[in-house]
Every structure is written in structure tokens, then in C-alpha cells.
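# Understanding the architecture of this molecule
Given next are the chains, with one letter for each unit.
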Amino acid sequence: MNETAPQRFDVLVVGAGPAGMAASVTAAECGARVGVMDDNVAAGGQIWRGNLEDPEANSWSGRLRAKGVVTLFGTRVFDQPAPGCLLAERADDTVELHYEKLILATGARERFLPFPGWTLPSVMGAGGLQAMVKSGLPVQGKRVVVAGTGPLLLAVAVYLRKQGAEISLICEQASWSRLARFGMGLLRFRKKIGEGLLLRKDLAGIPFAANSWPTAAHGTGNIESVTVLRGGRTLEIACDYLACGFHLVPNLELPLLLGCKLADGFVQVDELQQTSLPNVFCAGEPTGIGGVEKATAEGSIAGFAACGKQASEKDELLRARKEGKQFASLLKNTFALRLELRNLPTFDTIVCRCEDVTFSRLHRNRSWREAKLHTRCGMGACQGRVCGPVTQFLFGWNPDSVRPPVFPVRVESLAALSKPASR
Amino acid sequence: MPSPICIKVNGVEVFVPSGASVAVAVVMAGQACRRSVSGEPRGPLCGMGICFDCRATIDGKPHLRSCQIACAPGMDVKTDE
Amino acid sequence: MADGIYDVIIVGAGIVGTACAEEFARRGKRVLVVDRDVLGGGATAAGMGHVVVMDDSEAQFAITRYSQRLWQALRPELPDDVEYEQCGTIWVAADEEEMEEVRRKHEYYGARGVRTEILDAGALKKLEPNLRAGMAGGLLVPDDVVLYPPCAARYLIERAQRNGAELRLGRAVVAIGEGRVKFADGSNLQAKLLVNAAGAWATQLMPELEIKKRKGHLVITDRYAGFIWHQLVELGYLKSAHSVSVDSVAFNVQPRRTGQILIGSSRQYGAEHKEVDHVILARMLARAQEYMPGLAGLSAIRTWTGFRAATPDKLPLIGPWPKDSSLFLATGHEGLGITTSLATARILVDQIMGAEPEIPIEPYLPSRMSKESVHA
């Protein structure tokens, strides 16, 4: 293993999704030396994954290149050995990244909930199946049930249909009244109305059910059908894929490792997107699940703030951020999980997928820590990224402190810290 | 349009679109990526590298997240089968 | 928790506290175990879970050997999640000087009825192919065991509960002595017998105890079945455990039944906070990689720290506290808490109930500390 020389930046951005791209471009256009890193092979995060067809994505991407932002793909931060320095792992080496200012744009991931059969192959997240299709999985002629909660379900259904899939049903657990209020709420957001209308058109012909959720997936070695609750009745639907996700949860591991304070389960930031730590900013989903507009607005504000510069188009950015936060609030209320979903797992349902810990072994524990110790739930490779939000919803457990590595890394990468970080 | 790539999954040749991830190749080959601790077959869940259910041995290196790795011609992928 | 109904109150629900509870309860005492945190926390949760014989001193050998036998006797009854594995230990010798030590240990253990086998370089390589080339050999101790301590503690307390013992978690104790345990909420409970089994926190209750925290680090990997078969320890481990002031690391790696590999070890004095210390963690892993280069490419999933309770003479404190006839100690086990937990419980309760302990108890008596202080 070779260690490359430490790299130094005025502004280092973690995450190259919408927030990270906006932050990097903005900071670079202010004259800072900027580096942006991402685990993925290219910029775009989840929502702009793949060929960046979205004109806005393309625009940011072009500006990123034009300003000579240093991009570090296939790069995962796993530790902070000293203030002002992050350690990241790549396929063949580790790299030490020094910064004056840090912008965390670590995005969000899907929330999964357990139900009988959820571990069958071809049961994926909604975003999960979309990501796989964007990564080359053919779905032409495949029958897909899309389930869970959140606007992502609609976007995924539309995308999959465009790729030739047959969407049997969209099952949204939110109630019709909540969705109606959401629709009304959308009227406040200029851009969203346009998107909403387009979506309506694209969704034409796809059955959609509210008050609906999967109760069991069936099959041997692979999914063959899913039973869903719809209109108070259960209904079994044969399918090739179940795309099931329950909205999004923020990626807080790195902010927590660094010591950022949280407020209401998100990273606490001030009006300049600065966290509780001086020199550390945060933008996008980790401050609130609000989608692209919020992310790019916050990313831009953070980029300016990190350079100590006044934002150009400040009013527009502030307006976009304000709308983004309101949209986040609307999403949170509309797609809150109904408590019946706590009853989905049976005693035998696996809750921790990494360690195959079933509900029956977990529910007697009083805390996340106790469950970890006695069942190993949360001690597996995902480091609690899947089962943490699950157990928080099922049992009300809160995760405990974050230790390095915030992502599994090679032993040699942890051993690389033996030389004190060069300054 | 770039031509498909050929890789091996558990010794069997699979043709995948250029740029496809290894996880996609495993799914196209009709295989599970791994066996869980209690022996269940597992495939990708999150598609974005955080669930670790897509882990496979790629060119001899175990426990790699196959959804995060693009196929390269001649790659040798082994799952827990 | 009604007052006045307990014969014994044990503070600490780690492996030692729960072992003592099991012993007392089985022998007819009404027991209450209290802990401010979870069952099987502290060093019990953090440690490597080995059950090993050690030859640092006669007294250390006596108690580790006795306790290992007690674990062997308990083995058939242990549930699966205790993951009791008799994988054995290999003390690895890197050079001829260390092979001398191997031979000395072989004789020492042989004379005391412990099975060991000297391995030459070839035999070592066959048993553990992932050790780097050029090792001189080692000593195999086939009866050494590895288990998962939090579940062992749970097993012990459940056995005690079947004999009427009670467990209260989340109850912090602020004072212990004179037949009374005082809780953080101001309430207190009386009992004729009080046991301080609070491990690294024993001094919070009794500041006069000469126990220091010795911080350790551990790393666990993903599953790599067949990478390592025995617990492996470098002979330099003893030098590390000996040092009273210097931060040290030593190669100590263990297979878990899951196929995950547990990598240790480190020792630090004076480190009070539980954050991972990057530099010492890295030193520890670098040392481990020196012995097993293949570790370098394995996936490390978690790191954590823990505190061992260390006494000046490296022997635990088991027995009555001279200054208070109601108060007994079962603490100060350093890195041998899991190993010696059962023997600790047995000889403590023997002393209290007037039974003849099976090994001499003088080396572990807390009164030795007072004497030392007097002479100092």
C-alpha cells in the first residue's frame, strides 16, 4: 500500500451530490482552492446519479470542471486524526486531506423497515432499485411493485417505467388526507408545481394506493410475490422486484464523529450553514431532508460563508433555502411513518441484516447499547446504517457515540495513523 | 453504443452493459451476492454502498461492495455460493 | 428493591459481579446485583474474552488455572451465544531468545499439570500459515478458551436469578460501606454483606483502593473464516503487561466463532477518556501487521476502548476489606477478569461461608494493600 502525499485545501467538501457540487463550485468561484470527495465514481450523489441528464446537474458539473476543483472519487472519509485533517481510504491507498474550512454534504440514505421476506434478493430500496437500474440493471418487461413512503416512490416509478418496467402498483403508507394536504402544500413552491404536474402526466396509468404498505414478501431464493395491504384488504401481487423504501434519513456519521451538535435529529447550523464547530459547515440533507433546491441553496451559502464572502444573489439563495426548509417540513409531516408499521415484523423477522438478529431477540433490550452487546445488532459491516433507523422506529432506541472508522476500512488504513498528521 | 463487457460470476460468463456495476452482473447471472450469517441468500438492498448486502469476492479480494464497483472485462467474481 | 431483605448486595453487573451473584445464590444467599449501566458492560463488554492460564507469578497461575477448570466444568451448560471455543493459545516466539522463554514456560506448565506443546518454526507455520515467515516457533496451550463475555455474564445472572437473585440496572451507587449501599437518587439499602465488583470504577466508591485504569484498544474485522485458528500472543505481551508507566502495544489476535478477527492489544496508564487514541491504535495495528501481514488488507469494522482495573502487584483483590466488616472486594482483575471471574466468586464465597478455598487466598486478600501502605 502506498500513501500519497497529504493534500491541502482552503475548502474541503465531503460529498459530491447537489449540495456538495454547489458548495465546491461556489467556493472555487470565490477563489478558494477546493477539493470535493465522494465514495461514488462520479459526481451527482443519488439524485443526479449516472449520466447527469438534468440540466441543472450538468450546469454545476460544467462549473466544477471550469473552476479546477480537485475531485476525489472512490474516496471514503473514515477518521479525523487531528483538527483540520481528514483521513480517507481509496481502492489502493489512504490519503490525508487538510483543510482550512470543511463543508459536510454527506447526503441521506433510504430508511428501510423490516417485514417478513424483506431480506429476499430482488427486494431493494426504491432508490436502491433505481440506482441499480442506473448502474445497468435491465428491467424491460419486469414487474415491479413500488412501496413505502415519500416522493421518491413516484420519481422511481416514473423512471422505471421509462426503462420498460411494468409498475404493478405504488403503495404509499401515508393517508389520502395527508397526501391531499401535501398536494395543496406544493402549491406554495413554484418549481414543485411544475414538477408535480409533469409527474402526474408521467404517472398516468400506474395504479397508486395510499394507506397501503407491504406486509410480506414471498419466494424461494428470490422474490416471487408481495402481499400488500390496500383499502383494508390484503392482496398478493406477483412481481420480479419490490422497490421498497420509507423516505430518507440523513448521513450523520461524519458530523457526529467530528462533534457537530444535532438539533431534532439533524445537524444544527446557523444562517451561514456553520455547525457548532468553527470551520465546519453543513449543507443539504444532513440539515433536513428537503431535496435538491434546499441542497443547492445551502451548498452555495456554505461555499460563500467558507470563503468569508458575501453571497452574490443572496436574496435568491435565502429565498430558495427558506422554501427548501419549508418543503422539508412538509415532507416530514406528510410522510411520517404510521405506527402500524411497527407491527410489520413478526418474531422471526430479521431486524439486523448484517448479524441476522431477529425481532424476538431484540425487543427485550432496553437500549441500543444493550442490544448491541447482547445480540450484536448494529455491530456488523453496515455499522448500524440500516438497523439503526429501524430500531429507532421500532423501539425508540437512540444510537450511541460514533467511533472511527465511520466506514469499514482496511486494517492498514487504520494503521496508517501511526505517523502524526503532518501540518 | 459501447459494446457489452464479459465477466465471470462463479465461473460462468455473463455479458453486461458497459459501465454496469458488479452487483448488476451478479443479479443478471441469477445469483445471490452473498449468504448471510444464518445462510440466507442476499442481494443488493440500497444500491448506494451502505447496506453491505452486495458484498462479493472480486478478483480474489473478499467483502467488496459490488454495487460500487464497475465491471471490467475478464473480472472474476465469486459469491458465497 | 425492599430494604433489609438481601443478604448480599453486589455493586457491578460485569463478569465478576454476576459470577459472584451466581455463587452466592447457589449457596443459599439472597442476592441483589446493581449496576449503573447495562448488564455485562465495562471491561466485560470491551475485552477479548479469553480464558487463559498465565505464569507471571505462582499466585497468578494458581487462580487462572483453577478458574479455567471451573469454566471447563461449566462448558456443557453454556448457551450457544456464549460462543465458548477451545481454540487454544499459541505464544509466538519471534527469535531464539523468545524460544528460551517458550521452553521455560513449557517446563513451568508441565510441572504443574498444564498441557502445552513446543512448536518449531515448521510446526507453527502449519498451524498458523498467516503468521509471517521467520518466526522461531511457539508454545501451544490447547486448553485455553475464547468466549463472548456479555452473554456469559447474562448466563450467570440468569442462573443466579433462578436461585432468587435480583438484578437492577441503571441504578448508580455513590457510596458503599457499613452495611449500606447508597444510590445516586439518595435512597439506600442495607445488607450484612456488600461486594464491590465495580471493576475500573471500584475507586469511585472507595478512593482509597490502589486501582488504576489501564486503557486498552481493540479492532474487529469482517468475517474471514480460516484466517487464524488459535488465539495468538507475542511473548512480548508479558513485557507490555509488566510495564507500569509506559504506553505499550503487543500482538494479540483472536479468532471469534463468527469468523471475525479481534485484534489487540494496548495498555495505557493515565488515560481517563474513552475516545480512541489514533496514535496508539495505529501502533497496535502496525505491530499486529508485523506478525500477520495478511491483516493489512482485511476490512476493519469497529474500534473501541475499555478500561482494565489494575492493581500494583497485578493480582486481583478478593476478600474482606479490613476497615469494614460488611465490605468485601472482588475487583482489580486487569486483563484476566473473564478468566478468573469464576474462581474469584468461588474463593470469595468460600471465605465468607467458612468453606475451605481450593487455592491459597492470601495473595489476593485486600488486607495486603493496607500492609503495603503501612510499610510505604
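All values derive from a computational prediction rather than experimental measurement. (Residues numbered from 1 in each chain as written. Chains lettered and ligands numbered in written order. Predicted model: local features only at pLDDT ≥ 70, side-chain atom pairs only at ≥ 80, totals over all residues.)

### Let's talk about the overall build of chain B
Condition: Under the scheme used here, helices are H or I runs from DSSP no shorter than 4 residues and strands are E runs no shorter than 2 residues, and both carry numbers assigned from the N terminus. Based on C-alpha atoms, the radius of gyration is set beside the globule rule, defined as 2.2 Å times the residue count to the power 0.38. Here a residue counts as buried when 20 or more other C-beta atoms fall within 10 Å of its C-beta, as exposed when 12 or fewer do, and as partly exposed in between; the C-beta atoms come from the backbone.
Within chain B one finds one helix and seven strands. Put simply, chain B runs from its N terminus to its C terminus through helices and strands in the order β-β-α-β-β-β-β-β. The globule rule puts the C-alpha radius of gyration for 81 residues at 12 Å, and the 12 Å found for chain B is close to it. For chain B, the spread of C-alpha atoms along the principal axes amounts to about 40 × 25 × 20 Å. Here chain B holds 81 residues, and 52% of them are scored as buried.

### Details of the confidence of the model for chain B
Threshold: pLDDT is a per-residue confidence score from the predictor, ranging from 0 to 100.
On average, residues of chain B score 95 in pLDDT, and 98% of them are at 70 or above. Listed scores for the predicted complex are pTM 0.94 and ipTM 0.97.

### Observations regarding the interface of chain C and chain A
What counts here: By definition, residues are in contact whenever their C-beta atoms, placed on the basis of the backbone, come within 7 Å of each other. The residue classification treats Ala, Val, Leu, Ile, Met, Phe, Trp, Tyr, Cys and Pro as nonpolar and Asp, Glu, Lys and Arg as charged. All others, Gly included, are polar. Between any two strands, at least two bridges found by DSSP are needed for them to pair.
Contacts between chain C and chain A engage 28 residues on the former and 24 residues on the latter. Of all the secondary-structure elements, those providing two or more residues to the side of chain C that touches chain A are α6 (149–162), β13 (212–223), α9 (278–291) and β17 (299–310) of chain C. In terms of residue count, α9(C) provides more of the side of chain C that touches chain A than any other element does, eight residues in total. Here the side of chain C that touches chain A is built from residues that sort into 17 nonpolar, seven polar and four charged. With two bridges joining them, strand β23 (residues 409–410) of chain A and β17(C) adopt antiparallel strand pairing. The residue bridging Val409(A) from the neighbouring strand is Ala300(C), located in β17(C).

### Details of the sheet that holds strand β18 (residues 317–320) of chain C
Residues and elements named next belong to chain C. Note the threshold: Throughout, an axis means a line fitted to C-alpha atoms (over the contacting stretch in the case of helices), and angles, computed between N-to-C directions, take values from 0 to 180 degrees.
The strand order β8-β2-β1-β12-β19-β18 describes an open sheet built from six strands, whose pairing is mixed. Each end of this open sheet is capped by a strand with a single partner; those strands are β8 (166–169) and β18. The sheet shows a mean angle of 20° between the axes of neighbouring strands, direction not considered. With four bridges connecting them, β18 and strand β19 (residues 327–331) associate as antiparallel partners. The partner of Leu-317 across the bridge, within β19, is Thr-331. Set on the sheet, helix α1 (residues 15–26) makes contact with β1 (8–11), β2 (31–35), β12 (193–196) and β19; between it and β2 the angle comes to about 170°. On the sheet, helix α10 (residues 337–353) packs against β12, β18 and β19 and is oriented at approximately 15° with respect to β18.

### Brief notes about the packing of helix α3 (residues 126–134) of chain A against helix α4 (residues 151–162) of chain A
Residue and element names in this part refer to chain A. Threshold: Convention used here: angles under 35 degrees read as roughly parallel, angles over 145 as roughly antiparallel, angles from 65 to 115 as roughly perpendicular, and any remaining angle as oblique. Each helix crossing is assigned a hand: it is left-handed if the near helix lies turned anticlockwise from the far helix by less than a right angle, otherwise right-handed if that turn is clockwise.
One way to put it is that α3 packs onto α4 with a least axis distance of 9 Å and a crossing angle of 30°. Comparing the axis directions of α3 and α4 gives the class roughly parallel. The handedness of the crossing between α3 and α4 comes out as left-handed. Here α3 contributes Ala-126, Gly-127, Leu-129, Gln-130 and Val-133 to the contact with α4, which in turn contributes Leu-152, Leu-153, Val-156, Tyr-159 and Leu-160.

### As for the domain arrangement of chain A
Residue and element names in this part refer to chain A. Applied cut-off: Each domain's limits were defined by an automated method or a database of domain assignments.
The assigned domain composition of chain A is domain 1 (2–109 + 249–333), domain 2 (112–246) and domain 3 (339–423). Inter-centroid distance (C-alpha atoms) of domain 1 to domain 3 is 25 Å. At the junction of the two partners, domain 1 supplies 19 residues and domain 3 supplies 14 residues. Grouping the constituent residues of the side of domain 1 that touches domain 3 by class yields eleven nonpolar, one polar and seven charged.

### Some words on unusual backbone geometry
Apart from glycine, the bulk of residues carry a negative phi angle, and the bulk of peptide bonds sit in the trans form. In the segment running from Pro404(A) into Pro405(A), the intervening peptide bond is cis, with an omega of -5°. Notably, His247(A) is not glycine yet its phi reads approximately 65°, a positive angle. One non-glycine residue, Glu83(C), lies in the positive phi region at around 55°. Taking the number of C-beta atoms within 10 Å as the measure of exposure, Glu83(C) has 17 and is therefore partly exposed.

### Notes on the sheet that holds strand β7 (residues 76–78) of chain B
Residue and element names in this part refer to chain B. Pairing within the open sheet is mixed, and its five strands lie in the order β2-β1-β7-β5-β6. The open sheet terminates on both sides in strands that have one partner only, identified here as β2 (12–16) and β6 (61–65). For this sheet the average axis-to-axis angle between neighbouring strands, irrespective of direction, equals 40°.

### Quick notes on the pairing of strand β6 (residues 137–141) of chain C
All names here are of chain C. Counted residue by residue, β6 has five buried out of five residues, so it is predominantly covered. Judged from the five bridges that link them, strand β4 (residues 89–93) and β6 form a sheet pairing that is antiparallel. Within the sheet, the bridge partner assigned to Ile-90 lies in β6 and is Leu-140. The pairing of strand β5 (residues 117–120) with β6 spans four bridges and is classified as antiparallel. Bridge pairing in β6 links Glu-117 to Leu-140.

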